[in-house]
Amino acid sequence: MVYKIWHAVKKEMLLLSRDLGGLITLFVMPIVLVITVTLIQKSSFDTLNNEATEVLWIDNDQDSLSFKIKNQIEQAGVFKLVTHKNQEIITENVAQNMVKRGEYQLAFVLPKNLTHDLNAKVDFNVAKVLEQFSFSEDVDTTAIAPTPLQPKIIKMYFDPATQSVFKNGVINAIEKYVSQIENKAIYEAFQHELGDSETTDFAFNSEPFIVFNELSPIANESIKPNAVQHNVPAWTLFAIFFIIVPLSINIVKEKNQGTLVRLLSSPSPTYLILSGKVITYLVISLLQFYAMLAIGKFLFPYLGLPSLSLEGRFFALSLVALFSGLAAIGFGVLLGTIAKTQEQAAPFGATFVIILAAIGGVWIPVFAMPSFMQFIAVISPMHWGLEGFYDVLLRKASIIDMLPKIILLLLFFIVTFVVALVYDKKKRHI
C-alpha cells in the first residue's frame with residue numbers, strides 16, 4: 001500500500017511540475033498579495049493612529065475656551081491643526097472649499113464670542129442656583145445675562161468621502177473636550193461665588209472621577225494586533241484554499257483524458273488513488289504556509305513592517321495550517337469529482353474561494369460585518385482557520401483551546417471527501 005501511495009504522490013508531483021502557471025498561482029500570487037495588502041494597511045494604520053492628520057482650524061473666538069480646545073486636540077496627537085495657507089489666515093469660506101475639493105478631510109470653525117457667552121451662561125446659572133438656595137440674595141441675574149443666550153455652534157466641515165465612523169469619532173471627541181471645559185468653568189464659578197478655593201473648606205475637585213483604561217485580558221501582554229498579524233494568516237488561508245482550483249482541474253483532466261479509467265482498472269481502490277492527491281496538495285499547502293511565515297518573519301522588517309513574532313507558536317500554527325489544508329483539499333476533490341469540464345471547475349472554484357474569503361473575515365473583520373453576515377461567517381471553513389490562527393497569535397491559546405476549530409476543519413474534510421467517493425462510485429455504476 002505504501003508503494004502504491006508513493007507512486008500516486010509521484011504522479012501528482014510530475015503533473016504539477018509541468019504546470020508552471022499553476023505553481024505561480026499557488027506560490028507567487030499569495031506572496032504578492034500578502035506583501036501588497038499589508039503595506040497598504042500599514043500605511044493607512046499609521047496615517048490614522050501614529051501620524052497626525054492635517055485638518056483646518058478657524059478660530060473666530062481667540063479666547064481662553066478656544067485655546068483650551070486647541071490644546072486638548074494637539075495633545076491628543078491625532079490631528080495637526082492648520083491655520084495658515086501660503087502665509088495667509090484661512091477663512092471659513094476658503095476652508096469649506098478646500099474640504100469640498102478633498103484637500104483636507106476636516107475643518108473646524110469656532111464661532112465668535114464662544115468664551116464670553118459660555119462664561120456668561122455659567123455665571124447666570126450659578127447665580128440662579130445660589131439665589132434659589134439663598135446663598136447670594138443680592139445677585140442680579142438679569143445684569144449677568146440680560147438676554148437669553150443662543151447655543152454656540154462649532155462647525156465641522158467633513159470631506160464628503162469621509163467615512164461615518166471617522167465623523168462620529170471626531171464629533172464624540174470634540175463633545176468630550178468641550179464638556180470637560182464647560183464643567184470646569186462651572187466648578188470655578190461656584191468657587192468664585194463661595195469664596196477663594198484655597199480657603200474654602202469644600203473646594204471642588206474638578207478632576208474626572210470615572211476614567212477608562214485599556215487592558216489586555218492576557219496577563220503581562222503588551223503586543224497589540226497589527227496588519228502583519230492579520231494579513232499573514234488571512235492570506236495564507238487564501239493561498240491554501242486556492243489549491244481547490246488546480247486540484248479540481250487535474251481531477252477533471254484525468255477524467256476527460258481517460259487517465260482515471262486506466263487508474264481504476266488497476267488493482268487499487270479509489271480512495272488510494274485520491275490519497276496521492278491529498279498528500280501532494282497537503283505538502284503544497286504547508287509549503288505555502290511556511291513561505292508566508294518566512295516572509296512575515298524575515299522580509300517584512302526590511303519593508304518597514306513589524307516582524308511576525310512566533311515565539312514557541314510554530315507547532316500550533318502548523319497544526320492549524322495542516323487541517324486548513326485538509327479542508328481545502330476535501331472541497332477540491334469534491335469539486336473535481338462533480339465537475340465535468342475544466343471550464344466548470346476553474347471559475348466555480350475561484351469564485352467559491354473568494355466568497356469563502358469574503359464571508360470568513362479575510363478581507364473585512366467579522367465583527368465589522370452586519371449581524372446577519374456574522375451568522376453566515378460561522379459556516380465558512382476559512383473563518384474557522386482564521387480564528388485558529390488568531391487563537392495562537394493573539395490569544396495565546398493552547399492546543400486544547402484550538403480543538404473546536406481543528407475538529408470542524410477535519411469534519412469538513414471527511415464529509416467532502418466521503419461525499420466525493422460516494423458520488424464517484426454511484427456515477428460509475430449507473
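Only a predicted model underlies this, so the values are computations on that prediction, with no experimental measurement involved.

Criteria and cut-off values
- All residue numbers refer to position in the chain's written sequence, counted from 1.
- Reporting of local features is limited, given that this is a predicted model, to residues whose pLDDT is at least 70; pairs of side-chain atoms are given and counted only at 80 or more, and all residues count toward the totals for whole chains, interfaces and linings.
- Note that the side-chain values use all heavy atoms of the structure and ignore hydrogens as well as water.
- Note on conventions: DSSP H or I runs of at least 4 residues are helices, E runs of at least 2 residues are strands, and numbering of each starts at the N terminus.
- Any residue under 20% of the maximum accessible area for its type is buried, any over 50% is exposed, and the rest in between are partly exposed; the area is computed with a 1.4 Å probe on protein chains only.
- Any two rings among Phe, Tyr and Trp, with Trp reduced to its six-membered ring, count as a pair given centres within 6.5 Å; such a pair is stacked if its planes are under 30 degrees apart, edge-to-face if over 60, and tilted if neither.
- Helix span is expected to be 1.5 Å times the residue number reduced by one.
- Strands pair, by our definition, only if DSSP identifies at least two bridges between them.
- For helices, the axis comes from a line fit to the C-alpha atoms of the stretch in contact; other axes are also lines fit to C-alpha atoms, and the angle between any two N-to-C directions lies between 0 and 180 degrees.
- By definition, residues are in contact when any of their heavy atoms lie within 4.5 Å.
- Nonpolar side chains (Val, Leu, Ile, Met, Phe, Trp, Tyr) within 5 Å and like charges within 9 Å form the patches, drawn only from residues with over 30% relative accessible area and no salt bridge.
- Throughout, the Shrake-Rupley method with a 1.4 Å probe supplies accessible areas, and for residues the shown protein chains are the sole cover considered.
- Should a side-chain nitrogen of Lys or Arg be within 4 Å of a carboxyl oxygen of Asp or Glu, the pair is scored as a salt bridge.

1. Thoughts on the environment of W363
Step number 1: Along the polypeptide, W363 turns up in the loop between α13 (342-360) and α14 (371-377).
Step number 2: Taking the relative accessible area as the measure of exposure, W363 reaches 38% and is therefore partly exposed.
Step number 3: Placed 133 residues apart in sequence, W363 and H230 show a C-alpha to C-alpha distance of 9.7 Å.

2. Some words on the packing of aromatic side chains
Ring pairs (aromatic) are described by centroid distance and by the angle formed between their planes.
Step number 1: For the coordinates displayed, the defined rule picks out 11 aromatic pairs.
Step number 2: Centroid distance W235 to F238: 5.2 Å. Interplanar angle 70 degrees. Geometry classified as edge-to-face. One end of the pair, W235, and the other, F238, are both in helix α8 (residues 227-241), 3 residues apart, so they sit about a helical turn from each other. Just as W235 is buried, F238 falls in that class too.
Step number 3: With 6.2 Å between their ring centres and 80 degrees between their planes, W384 and F412 make a pair best called edge-to-face. On the criterion of sequence distance, the pair formed by W384 in helix α15 (residues 381-393) and F412 in helix α16 (residues 399-429) is long-range, its members being 28 residues apart.

3. Re α15
Step number 1: Given a rise of 1.5 Å per residue, 13 residues ought to cover 18 Å, and the 18 Å separating the end C-alpha atoms of α15 matches this to within 8%.
Step number 2: In terms of burial, α15 is largely enclosed, as 13 of its 13 residues are buried.

4. Considering the sheet that holds strand β1 (residues 53-59)
Step number 1: Judged by pairing direction, the sheet is mixed, and its 4 strands sit side by side in the order β2-β1-β5-β6 without closing on themselves. The open sheet has two edge strands, β2 (79-82) and β6 (155-158), and neither has a second partner. Adjacent strand axes in the sheet meet at a mean angle of 25 degrees, parallel and antiparallel pairs treated alike.
Step number 2: Most of the contacts of helix α3 (residues 64-76) go to β1, to which it runs at about 175 degrees, and overall it touches β1, β2 and β5 (106-110).

5. Considerations on the environment of T280
Step number 1: With respect to the helices and strands, the residue T280 is situated in helix α11 (residues 270-299).
Step number 2: The spacing of T280 and M13 is 267 residues in sequence and 6.9 Å in space, taken between C-alpha atoms.
Step number 3: Setting aside residues no more than four positions away along its own chain, T280 makes contact with V9, E12, M13 and L16.

6. Here's the deal with a nonpolar patch on the surface
Step number 1: Judged by side-chain polarity, F315, I399, I400, L403, I407, L410, L411, I414, V418 and V422 come together as a nonpolar surface patch covering roughly 890 Å² of accessible area.
Step number 2: For the nonpolar patch, the element with the most residues is α16, which contributes 9 residues.
Step number 3: Relative to the assigned elements, L410 resides in helix α16.
Step number 4: Owing to a relative accessible area of 31%, L410 belongs among the partly exposed residues under this scheme.

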